[in-house]
Amino acid sequence: MITHIKKFATIIFAIGIIAFCVNMFLGPHAIAAGGITGLAIILENWFTFDRSITVLAANALILALALVLLGREVFLNTAVGAVFLPIFLRFIPKEMLITDPMLSMVAGSVLFGVAVSILYANRASSGGTAVPPLIFKKYFNLNTSIGLFLSDGAVVLLSLFVFSVDSFFYAIFSILITSLTMSYIESGTNKKKMVYIISEHNETITADILTKIGRGVTLVPVIGAYEREPRQMLMVTLDGKNYQELLAIVGRHDREAFMITDTVTDVHGKGFTYESGSV
């Protein structure tokens, strides 16, 4: 029960951030950066429809489509955001928090990306254009990224006929910044270094890595193509902050050691995603 309450509160918090971004960062500068909220901004300026009413009506239709075409699970994952987003849009003030449109667009897009990432991490969404790509995928075998591009692209293109050319390009940049933010949160916050070491002093290097850095070392059997002699290569995964210490250890024991370093975006297991008594 506590887990479900925390998840619900997290989803509501993320929906609040999205509404805050729309009402205080994007909407005041007529930046319709895709999605139902972008369409709502356009219709509000075109026909004076309140954006919260537009989002409520559109999300009601989308929820019905999700239930009929995608099933109960997608419907439930979408329902909370679809219901609460128009409520937040209605009660959060429509104020221009930042007067500079470029700065407002960047700030709003970054926060928007953070909020959507929180929703995705909790298998939820704010409704809107998150559902049509799933329908396109299921019934037309169209990649979801392409489906989302078409959905958001149609909204941004429509903004060109309502707002200025500047607003059109701000909307495009907003989508790009939001996507980059989501990509960084998904894969950029857990980057590690994976290092491969071939040396004549494997034992002493391994001992120092184990005791001074506190990371495990894997021995990988390899054969050099030139000499055809079997050897052992060390493989170690560690945090970026420990990388210079590793270089110092290897350099201290073998200045001619051959090393390959790669950056990995996600690591799971002992010492990384859970703690244990040994590494």
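Preceding this paragraph is the structure being described.
An account of the accompanying structure is given in this report. (Residues numbered from 1 in each chain as written. Predicted model: local features only at pLDDT ≥ 70, side-chain atom pairs only at ≥ 80, totals over all residues. Heavy atoms only, no water.)

The full count for this structure, using the stated rule, is 8 salt bridges. Taking the shortest distance from any N to any O, the salt bridge between Glu-44 and Arg-51 comes out at 2.6 Å. The class of Glu-44 is buried, set by a relative accessible area of 15%. With a shortest N-O distance of 2.5 Å, Lys-192 and Asp-239 are connected by a salt bridge. Taken together, the residues span a long stretch of sequence, with Lys-192 in strand β1 (residues 192–198) and Asp-239 in strand β3 (residues 230–239) at a distance of 47 residues. This pair shows no difference in class: Lys-192 is buried, exactly as Asp-239 is. (Salt bridge = Lys/Arg side-chain N within 4 Å of Asp/Glu carboxyl O. Buried < 20%, exposed > 50% of the residue type's maximum accessible area, 1.4 Å probe, protein only. Helix = DSSP H or I, 4+ residues; strand = E, 2+ residues; numbered from the N terminus.)

Among all positions in helix α10 (residues 243–253), only Tyr-243, Leu-246, Ile-249 and Val-250 are buried. What you see down the axis of α10 is that its buried residues fit within an arc of 120 degrees, all on one side. Packing partners of the buried residues in α10 comprise β1, α9 (202–213), β3 and β4 (258–264). (Arc of directions from axis to C-beta. Contact = heavy atoms within 4.5 Å.)

Interpretation in functional terms is not warranted from these geometric data alone.
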